[in-house]
Amino acid sequence: MKKLLAEFFGTFWLVFGGCGSAIFAAAFPELGIGFVGVALAFGLTVLTMAYAVGHISGGHFNPAVSFGLWAGGRFPAKDLLGYVIAQVVGGLVAAGMLYLIVSGKEGFTDVGGFAANGYGALSPGGFSMLSGLIAEFLLTLFFLLIILGSTSNRAPAGFAPIAIGLGLTLIHLISIPITNTSVNPARSTSQALFAGGDYPAQLWLFWLAPIVGAVVAGLIHKSLFDGE
């Protein structure tokens, strides 16, 4: 239960901090933080919670990470379902809190895109479904390679959260214009369900591509880097 609660709170903070920065601060009238600020916010959420609760649950905060660690031989299959449920619930609760806050703005009518992920007409830059698939697959693959490598017992101890947080920042700097950056099915689900419209119908991509990319990364790391 402590592990599941750690995953709940970690994913809550990732969605609340990362998506919250995109909703409230990215394009603030005169002093918006822009893409760079949002990218840094996502990286900081993972870095801070990895140090805060990573020693309890491993600090996944992302179903794709759990699947990737399982494929890499670092996480038992019996714990996958519980972790994924805790992560999705944490994201949904965070999105609910964001909705309550944004709905209190003067003149509020709807949440708009609500930092949700999308392709085609829902892509910030108008990128196609294929572009989104390739980006989400590759970026999650490399995210897992960063996680698996930096948490190896052969890596310098204590620095993994920094590498992982900066890795997620870089991922967002690359792909916010493409899909608004997912690499995390829990984060995508929470925002899509509150944004509504056509966003929920596109969720399949933001589950499929990150999980497949993560599993491939786990297999690559296990076969190429974990052996003698």
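As the structure is a computational prediction, the values presented were derived from the model and not from experiment.

**Brief notes about the packing of helix α1 (residues 2–25) against helix α2 (residues 34–57)**
Okay, so step 1: Their axes nearest at 9 Å, the elements α1 and α2 cross at an angle of 170 degrees. With respect to their mutual orientation, α1 and α2 come out roughly antiparallel. For the crossing formed where α1 meets α2, the hand is right-handed.
Okay, so step 2: A breakdown of the residues in the contact of α1 with α2 according to their chemical character gives 14 nonpolar, eight polar and three charged.

**Considerations on the packing of aromatic side chains**
Okay, so step 1: Throughout the structure, instances matching the rule amount to nine aromatic pairs.
Okay, so step 2: Consider the rings of Phe12 and Phe16, whose centres lie 5.7 Å apart with planes at 10 degrees: the pair is stacked. Remark: Phe16 and Phe12 occur in helix α1; sequence separation between them is four residues, near one turn of the helix.
Okay, so step 3: Exposure remark for Phe16: the relative accessible area of 25% places this residue in the partly exposed category.
Okay, so step 4: Ring geometry for Phe67 versus Trp70: centroids 6.5 Å apart, planes at 90 degrees, classification edge-to-face. Of this pair, Phe67 and Trp70 both sit in helix α3 (residues 63–71), three residues apart, roughly one helical turn.
Okay, so step 5: Looking at Phe67, the relative accessible area reads 23%, which means it is partly exposed.

**Things to note about the side chain of Thr140**
Okay, so step 1: In this structure, Thr140 sits in helix α5 (residues 129–150).
Okay, so step 2: Sequence-distant contacts of Thr140, defined by excluding residues within four places in its chain, comprise Ala64, Val183, Pro210 and Ala214.

**Comments concerning the nonpolar core**
Okay, so step 1: Grouped together as the largest cluster of nonpolar side chains are 47 residues, with contacts concentrated most on Phe114 and Phe143.
Okay, so step 2: If you list the elements that add at least two residues to this core, you get α1, α2, α3, α4 (80–102), α5, α6 (160–179), α7 (185–195) and α8 (203–225).
Okay, so step 3: Looking at this core, the element that brings in the most residues is α5, giving seven residues.
Okay, so step 4: Discounting chain neighbours no more than four positions away, the residues touching Phe143 are Asn62, Val65, Ile164, Leu168 and Ile171.

**A word on α8**
Okay, so step 1: Taking 1.5 Å per residue, 23 residues should reach 33 Å; α8 reaches 32 Å between its end C-alpha atoms and fits that length.
Okay, so step 2: Taken residue by residue, α8 has Leu203, Leu205, Phe206, Ala209, Pro210, Ile211, Gly213, Ala214, Ala217, Gly218 and His221 as its buried positions.

**Structural notes on the layout of surface pockets**
Okay, so step 1: The computed volume of the largest pocket comes to approximately 570 Å³.
Okay, so step 2: In this structure, the largest pocket is lined by 24 residues; those nearest its centre are Ala22, Ile23, Phe24, Ala26 and Ala27.
Okay, so step 3: Those elements that provide at least two residues to the lining of the largest pocket are α1, α2 and α4.
Okay, so step 4: In this structure, the second largest pocket encloses a volume near 470 Å³.
Okay, so step 5: Every residue lining the second largest pocket is counted, 32 residues in all, and those nearest its centre are Gly58, Gly59, His60, Leu69 and Ile147.
Okay, so step 6: Mapped by element, the contributors of at least two residues to the lining of the second largest pocket are α1, α2, α3, α5 and α6.

**Description of a nonpolar patch on the surface**
Okay, so step 1: Nonpolar side chains collect at one region of the surface, where Leu81, Ile85, Val89, Val93, Met97, Tyr99 and Leu100 lie side by side and expose about 610 Å² of accessible area between them.
Okay, so step 2: The residue Leu81 is located in helix α4 in this model.
Okay, so step 3: You can call Leu81 exposed: its relative accessible area is 62%.

**A short note on the environment of Leu145**
Okay, so step 1: Mapped onto the elements of the fold, Leu145 is located in helix α5.
Okay, so step 2: Considering only alpha carbons, one finds Leu145 and Leu166, 21 residues apart in sequence, at a separation of 13 Å.
Okay, so step 3: Excluding residues within four positions of it along the chain, Leu145 makes contact with Ala217, Ile220 and His221.

**Describing unusual backbone geometry**
Okay, so step 1: The phi dihedral of Phe114 falls on the positive side, at around 55 degrees, and the residue is not glycine.
Okay, so step 2: When you line up the elements, Phe114 lands in the loop between α4 and α5.
Okay, so step 3: Judged by its relative accessible area of 3%, Phe114 is buried.
Okay, so step 4: The phi angle at Val183 is positive, at roughly 50 degrees, despite the residue not being glycine.

Conventions and cut-offs
Residues numbered from 1 in each chain as written. Predicted model: local features only at pLDDT ≥ 70, side-chain atom pairs only at ≥ 80, totals over all residues. Heavy atoms only, no water. Axes fitted to C-alpha atoms, helices over the stretch in contact; angles between N-to-C directions. Helix = DSSP H or I, 4+ residues; strand = E, 2+ residues; numbered from the N terminus. Parallel < 35°, antiparallel > 145°, perpendicular 65-115°, else oblique. Left-handed = near helix turned anticlockwise from the far one by under 90°. Nonpolar A, V, L, I, M, F, W, Y, C, P; charged D, E, K, R; others polar. Phe/Tyr/Trp six-rings, centres within 6.5 Å; stacked < 30°, edge-to-face > 60°. Buried < 20%, exposed > 50% of the residue type's maximum accessible area, 1.4 Å probe, protein only. Contact = heavy atoms within 4.5 Å. Core = buried A, V, L, I, M, F, W, Y, C linked by side-chain atoms within 4.5 Å. Expected span 1.5 Å × (residues − 1). 1 Å grid on protein atoms, 1.4 Å probe; cavity = no way out; pocket = protein on both sides within 12 Å on 5 of 7 lines; lining within 4 Å. Points joined across faces, edges and corners; volume = space filled by probe spheres on them. Patch = residues over 30% accessible without salt bridge, like charges linked within 9 Å, V, L, I, M, F, W, Y side chains within 5 Å. Areas by Shrake-Rupley, 256 points an atom, 1.4 Å probe, with all protein chains shown as cover. Salt bridge = Lys/Arg side-chain N within 4 Å of Asp/Glu carboxyl O.

None of the figures reported here should be taken as evidence of function without further support.
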